[in-house]
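So the chains spell out like this:
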Number of protein chains: 2
Amino acid sequence: MAVTRRELFKVSAAALVAGVVAPVSIAADDPLPSWNDGPAKKAILDFVHSTTDRMSSKFVPDAERIATFDQDGTLWVEHPMYTQVVYCFDRVPEVVKAKPELANVEPFKTVLSGDRAAIAKLTMDDLLKILGATLTGMSVDEFEAETRHWLETARDPRWKRPYTELTYVPMTEVLTFMRAKGYKTYIVTGGGQDFVRQYSEKTYGIPPEQVVCTAGGTKYGYDKNGRPFLTKEANLLLNDNNAGKPEGIHMMIGRRPYAAFGNSTGDQQMLEYTKAGNGERLAMIILHDDADREYAYGPAQGLPDTKVGTFTQALYDEAKSKGWVVISMKNDWRRVLS
Amino acid sequence: MAVTRRELFKVSAAALVAGVVAPVSIAADDPLPSWNDGPAKKAILDFVHSTTDRMSSKFVPDAERIATFDQDGTLWVEHPMYTQVVYCFDRVPEVVKAKPELANVEPFKTVLSGDRAAIAKLTMDDLLKILGATLTGMSVDEFEAETRHWLETARDPRWKRPYTELTYVPMTEVLTFMRAKGYKTYIVTGGGQDFVRQYSEKTYGIPPEQVVCTAGGTKYGYDKNGRPFLTKEANLLLNDNNAGKPEGIHMMIGRRPYAAFGNSTGDQQMLEYTKAGNGERLAMIILHDDADREYAYGPAQGLPDTKVGTFTQALYDEAKSKGWVVISMKNDWRRVLS
């Protein structure tokens with residue numbers, strides 16, 4: 001490590017003399033170059049170094065290095081609407097094409113109307129009907145093909161880019177850094193498991209088997225040629241929000257994480273559960289306070305509560321009292337999106 | 001590889017000259033030394049070599065190399081009673097100590113009596129009551145401590161050894177060989193997830209997060225000091241038998257296996273689902289036909305049906321018609337237990 005650093009320094013010094021690069025305050029071997037120096041960056045570096053240093057009293061064996069990451073609002077943009085909900089709304093015309101009788105049935109009628117004010121007023125029951133119609137009843141293979149097509153073609157209205165490009169660069173640096181140090185990184189999110197698994201590997205370097213999400217059941221059956229296939233069913237096996245996160249972690253991973261990252265009340269129990277483990281544990285929570293580069297929302301710090309990714313005052317207080325580290329998007333991140 | 005083989009040969013030749021080791025027909029670099037030459041061993045070697053050779057048309061990328069193994073009767077002895085069921089019966093006295101009113105309630109009264117003939121007549125409903133009383137209602141931490149203690153102290157009556165030592169050497173060789181070739185190995189078994197995870201890493205080298213089993217829910221709560229913990233609940237999230245195996249694989253792994261190993265009708269759908277995938281797939285099924293070294297049971301081949309790990313004639317016929325490879329414990333295994 002010392003040799004590498006010295007060599008890098010030599011290269012940097014030579015480049016400076018040659019006037020090739022501007023002097024910057026970040027070290028050439030900084031694993032988190034998109035983070036500003038501060039308590040959040042320091043907390044990550046200190047945690048990873050102390051838990052992976054064999055000489056440290058905080059050392060964690062390789063097999064136990066588990067880090068869990070909420071997705072919406074933690075790894076990528078969740079505002080103004082969760083990406084998967086956008087997908088479900090976008091799928092409604094296709095669903096109605098297959099079942100024309102739904103065209104005059106609520107809430108499908110309202111979604112088809114395109115009337116944004118009316119759509120914004122849909123209830124949770126309405127939303128569940130839309131999720132049910134667009135996420136269940138088809139084979140797993142059909143769903144995967146539809147999802148892949150949508151991910152390739154849909155664009156976020158503000159950035160005009162595919163949703164899978166709206167990831168936070170500082171957080172992808174954390175994923176890469178922790179994996180390089182032997183941590184197994186998991187997504188633990190309220191989104192749908194079959195949906196997130198379509199892009200988790202390409203977008204985050206996280207394979208399907210390390211994706212823990214809200215999951216419905218499937219049903220095994222045979223097609224007319226006797227070939228087996230799975231159909232997506234309406235029964236809910238795991239609601240991976242709130243208390244469902246530690247419950248889902250126990251079911252899918254079977255080990256308590258050493259580090260967890262979230263941004264809302266939906267992550268509260270995962271952060272509590274992680275931090276309550278023995279030895280050194282890291283719990284971090286992202287505050288969306290950057291209206292210029294992303295969005296600013298959440299009642300903590302007096303920002304508006306949009307109901308998406310709620311960061312309440314109570315959560316903020318718990319973070320402070322339990323030693324969770326708050327990440328200020330505005331102050332801690334040098335860059336936000338790529 | 002050539003160098004290694006030559007070097008090993010030199011060592012072997014020198015040892016032979018010195019009279020240290022007896023000449024054996026197995027190659028020094030044989031990854032499956034406890035297997036006799038024959039179609040079963042050849043099927044494993046051919047499958048692994050062709051799917052991990054970049055020049056082969058059957059090559060499978062590293063990330064997609066998933067192999068799933070049933071446990072009871074496939075990786076370790078299941079006869080005459082599943083190990084976890086033995087655990088549950090053994091726990092009954094402790095449960096009754098904590099709740100003395102159960103001492104005169106069936107089926108606990110019968111289990112406490114020690115009357116083997118009466119115990120053998122217990123119904124499935126009785127068994128479910130015993131499983132419920134011994135596997136749910138306690139915290140995950142308490143359950144893990146109880147399980148660990150039992151695994152250390154309990155002994156199989158025939159071999160007088162801990163149950164975790166009753167693993168099949170040829171199958172642990174397959175696990176080791178496939179992992180060395182980049183396969184992620186999973187246990188996919190009808191046993192209880194929290195139980196199997198207590199020994200999977202030490203016994204098979206399979207970490208908790210690669211254990212897919214029958215799983216009940218847990219409930220998140222806080223102790224009197226505000227510390228969060230999980231309680232084992234009675235609701236069933238996954239019945240990991242029969243169709244539940246591919247359904248569980250989809251939920252927990254999210255990829256179709258390239259290889260699957262089983263021994264009973266409970267593995268039928270996992271084997272079908274695996275074999276029905278595109279490209280090269282391996283499905284193998286173990287026939288318990290070795291009364292001397294282990295047990296002989298199953299109606300296929302005219303052996304008695306013990307209801308444990310049923311290997312029916314229909315399953316045998318399906319294996320033959322669909323290209324699954326039958327492993328004869330008697331003929332294909334040079335050794336059985338360590």
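Peer 1: Help me get a handle on helix H11 (residues 244-252) of chain A, residues and values and all.
Peer 2: Residue and element names in this part refer to chain A. The element H11 is largely enclosed, with a buried count of nine among its nine residues. Among the residues making up H11, those that are buried are Gly244, Lys245, Pro246, Glu247, Gly248, Ile249, His250, Met251 and Met252. Just past H11, the residue Gly254 takes up positive phi, approximately 80°.

Peer 1: How would you summarise the side chain of Glu247(A) if you had to cite specific residues and measurements?
Peer 2: Position of Glu247(A) relative to the elements: it lies in helix H11. Among buried charged residues, Glu247(A) stands out as having no salt bridge; its nearest opposite-charge side chain is Lys219(B), 5.9 Å away. For Glu247(A), the side chain forms a polar contact with the main-chain nitrogen of Tyr220(B), separated by 2.9 Å. In this view, Glu247(A) contacts Thr218(B), Lys219(B), Tyr220(B) and Leu230(B); residues no more than four positions away in its chain are not counted.

Peer 1: Any chance you could break down the relation of the copies chain B and chain A for me, citing the residues and the numbers?
Peer 2: There are two copies of the chain, and a rotation about an axis plus a shift along that axis relates them. Once chain B is rotated about the relating axis by 180° and shifted along it by 0.0 Å, it coincides with chain A to within an RMSD of 0.0 Å. Here the symmetry operator amounts to a two-fold rotation axis. Of the interface residues in chain B, 100% have counterparts in chain A that sit at the interface too, so the contact is made through matching surfaces.

Peer 1: Hey, could you go over helix H6 (residues 124-135) of chain A for me, with residue numbers and the actual values?
Peer 2: All names here are of chain A. When the terminal C-alpha atoms of H6 are compared, their 16 Å separation across 12 residues agrees well with the 16 Å that a helix rising 1.5 Å per residue should span. Contacts made by the buried residues of H6 are with helix H3 (83-98), helix H4 (108-113), helix H7 (140-153) and strand S4 (228-238). Among the residues trailing H6, Gly137 stands out with phi positive, at a value near 100°.

Peer 1: Explain the sheet that holds strand S7 (residues 325-328) of chain B to me, using residue names and the numbers behind them.
Peer 2: All names here are of chain B. Strand order in the open sheet made by the seven strands is S4-S3-S2-S1-S5-S6-S7, with mixed pairing throughout. Here the strands that pair on one side only, and so sit at the sheet edges, are strand S4 (228-238) and S7. Recorded for the sheet is a direction-independent mean angle of 30° between the axes of neighbouring strands. Where strand S5 (residues 259-262) and strand S6 (residues 282-287) come together, four bridges link them in parallel fashion. Note that in S6 the partner of Phe261 across the bridge is Met284.

Peer 1: Can you break down unusual backbone geometry residue by residue, with the values?
Peer 2: Cis rather than trans, the peptide bond between Glu106(A) and Pro107(A) has omega equal to 0°. Within the secondary structure layout, Pro107(A) lies in the loop between H3 and H4. Its identity as a non-glycine residue notwithstanding, Asn242(A) has a phi of 55°, on the positive side. One can find Asn242(A) in the loop between S4 and H11. Judged by relative accessible area, Asn242(A) falls into the partly exposed class, the value being 33%. Phi at Lys160(B) is positive, roughly 55°, even though this residue is not glycine.

Peer 1: Quick one: what's the story with the sheet that holds strand S2 (residues 184-192) of chain A, residue by residue and with numbers?
Peer 2: All names here are of chain A. Reading across the sheet, the seven strands line up as S4-S3-S2-S1-S5-S6-S7 and stay open at both edges, with mixed pairing between neighbours. Because the sheet does not close on itself, it has two edges, and the strands there are S4 and strand S7 (325-328). Pairs of neighbouring strands in the sheet enclose a mean axial angle of 30°, with direction left out of account. As defined by bridge partners, strand S1 (residues 66-69) adjoins S2 across four bridges and the pair is classed as parallel. Paired with Ile66 across the strands is Lys184, a residue of S2. In the packing of helix H8 (residues 169-180) onto the sheet, contacts are made with S1, S2, strand S5 (259-262) and strand S6 (282-287), and the angle to S1 comes to roughly 165°. Those strands touched by helix H12 (residues 268-275) are S1, S2, S5 and S6, and its axis lies near 160° from that of S5.

Peer 1: Tell me what's going on with the interface of chain B and chain A, and back it up with residues and numbers.
Peer 2: Facing the 40 residues of chain B at the interface are 40 residues of chain A. Together chain B and chain A conceal approximately 3,300 Å² of surface at their shared face, both sides included; 51% is due to carbon and sulfur atoms. Counting the contacts that link chain B with chain A gives six salt bridges. Residues Glu209(B) and Lys184(A) are paired through a salt bridge, measuring 2.8 Å at the closest nitrogen-oxygen approach. Where chain B touches chain A, the interface holds 26 residue pairs in polar contact (both at pLDDT 80 or more).

Peer 1: Outline the packing of H3(A) against H6(A), supporting the account with residue identities and numerical values.
Peer 2: All names here are of chain A. One way to put it is that H3 packs onto H6 with a least axis distance of 9 Å and a crossing angle of 70°. Between H3 and H6, the crossing angle belongs to the class labelled roughly perpendicular. Helix-helix and strand crossings are classified by hand; for H3 and H6 the assignment is left-handed. Packed against H3, whose contacting residues are Gln84, Val85, Tyr87, Cys88, Phe89, Arg91, Val92 and Val95, the element H6 presents Leu127, Ile130, Leu131, Ala133, Thr134 and Leu135 at the interface. Its residues assigned to classes, the contact of H3 with H6 shows 11 nonpolar, two polar and one charged.

Peer 1: Break down the nonpolar core for me, with residues and values.
Peer 2: Among the nonpolar cores identified, the biggest contains 65 residues, and Met171(B) and Met178(B) are the most heavily contacted of them. Ranked by residue count, the leading element in this core is helix H3 (residues 83-98) of chain B, at eight residues. In this structure Met178(B) touches Phe47(B), Val48(B), Ala67(B), Phe69(B), Tyr183(B), Thr185(B), Ala259(B) and Phe261(B), once residues within four positions along its chain are discounted. The next biggest cluster of nonpolar side chains, apart from the first, holds 64 residues, and it includes Ile44(A), Val96(A), Tyr199(A) and Ile327(A).

Peer 1: Can you explain the environment of Ala133(B)? Please cite residues and give values.
Peer 2: Residues and elements named next belong to chain B. Here Ala133 shows up in helix H6 (residues 124-135). What makes Ala133 partly exposed here is its relative accessible area of 25%. Each C-alpha atom, one on Ala133 and one on Trp159, is 29 Å from the other, the two residues being 26 residues apart in sequence. What Ala133 contacts, discounting residues up to four positions off in sequence, is Val95 and Phe108.

The rules we used
- Residues numbered from 1 in each chain as written.
- Chains lettered and ligands numbered in written order.
- Predicted model: local features only at pLDDT ≥ 70, side-chain atom pairs only at ≥ 80, totals over all residues.
- Heavy atoms only, no water.
- Buried < 20%, exposed > 50% of the residue type's maximum accessible area, 1.4 Å probe, protein only.
- Helix = DSSP H or I, 4+ residues; strand = E, 2+ residues; numbered from the N terminus.
- Lys, Arg positive; Asp, Glu negative; His and termini not counted.
- Salt bridge = Lys/Arg side-chain N within 4 Å of Asp/Glu carboxyl O.
- Polar contact = N/O pair within 3.5 Å; in protein donor to acceptor, adjacent residues only side chain to side chain.
- Contact = heavy atoms within 4.5 Å.
- Least-squares fit on C-alpha atoms with pLDDT ≥ 70 in both.
- Expected span 1.5 Å × (residues − 1).
- Pairing = 2+ DSSP bridges.
- Axes fitted to C-alpha atoms, helices over the stretch in contact; angles between N-to-C directions.
- Buried area = accessible area lost by both parts, 1.4 Å probe.
- Parallel < 35°, antiparallel > 145°, perpendicular 65-115°, else oblique.
- Left-handed = near helix turned anticlockwise from the far one by under 90°.
- Nonpolar A, V, L, I, M, F, W, Y, C, P; charged D, E, K, R; others polar.
- Core = buried A, V, L, I, M, F, W, Y, C linked by side-chain atoms within 4.5 Å.

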